[in-house]
Amino acid sequence: MSAMSGAAGGRISAGAGANLLGMHAADRNQDATCYVGNLEPQITEEMVWEIFVQAGPVVNVYLPKDRVTSTHQGYGFVEMRGEEDADYAIKILNMVKLCGKPIRVNKSSQDKNSMDVGANLFVGNLDSEADEKLLY
């Protein structure tokens, strides 16, 4: 395991991903952060680091852990150096089998409610005085 820690630069620790949860939100690059899901219990932060570093420079890896069992919850976050690196990692690593199970790699979104729905709504029989400002 010491070889893996050396390859990862020794930058992974128990609190390695704390900044992804908001402790250092100003330092985090949300656009360069990938969500990784469908992880087997034996997968470690070091393993995720080693997989993602094949796609580009990794800044941080975080697998949230259950407080009672101290095992990760089957998902995590990987912050890449830039948005292009994250997009490339998503393109080549999504659905790659890790320990016999395909992992899910998507863009991490801080606020899912801010995304556009992509639908148009028609409202009829409005008063002629109603304008866009009133409806918005």
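Here is a short report on the structure shown in this document. Just so you know, these numbers come straight off a predicted model, no measurement behind them. (Residues numbered from 1 in each chain as written. Predicted model: local features only at pLDDT ≥ 70, side-chain atom pairs only at ≥ 80, totals over all residues. Heavy atoms only, no water.)

**Thoughts on the packing of aromatic side chains**
Aromatic ring pairs: the centre-centre distance and the angle between the two ring planes describe each pair. Summed over the entire model, instances satisfying the criterion amount to three aromatic pairs. Both rings, one in Y35 and one in Y75, keep their centres 6.0 Å apart while their planes meet at 25°; by these two values the pair is stacked. Of this pair, Y35 sits in strand β1 (residues 33-37) while Y75 sits in strand β3 (residues 75-80), and the two are 40 residues apart along the sequence. On the basis of relative accessible area, Y35 is assigned to the partly exposed category, the value being 28%. Residue Y75 is classed as partly exposed on the basis of its relative accessible area of 25%. Grouping aromatic residues by their ring pairs yields a cluster made of Y35, Y75 and F77. (Phe/Tyr/Trp six-rings, centres within 6.5 Å; stacked < 30°, edge-to-face > 60°. Helix = DSSP H or I, 4+ residues; strand = E, 2+ residues; numbered from the N terminus. Buried < 20%, exposed > 50% of the residue type's maximum accessible area, 1.4 Å probe, protein only.)

**Points about the pattern of salt bridges**
Enumeration according to the criterion identifies four salt bridges in this entry. Linking K101 and E40 is a salt bridge whose minimum nitrogen-to-oxygen distance equals 3.4 Å. Separated by 61 residues along the polypeptide, K101 in strand β5 (residues 101-102) and E40 in the loop between β1 and α2 (45-52) bring together distant segments of the chain. R81 is the salt-bridge partner of D85, the closest N and O atoms lying 3.5 Å from each other. On the accessibility criterion, D85 (15% relative accessible area) is buried. The class for R81 is exposed, based on a relative accessible area of 58%. One network of salt bridges, with partners in common, ties together E83, D87 and K107. (Salt bridge = Lys/Arg side-chain N within 4 Å of Asp/Glu carboxyl O.)

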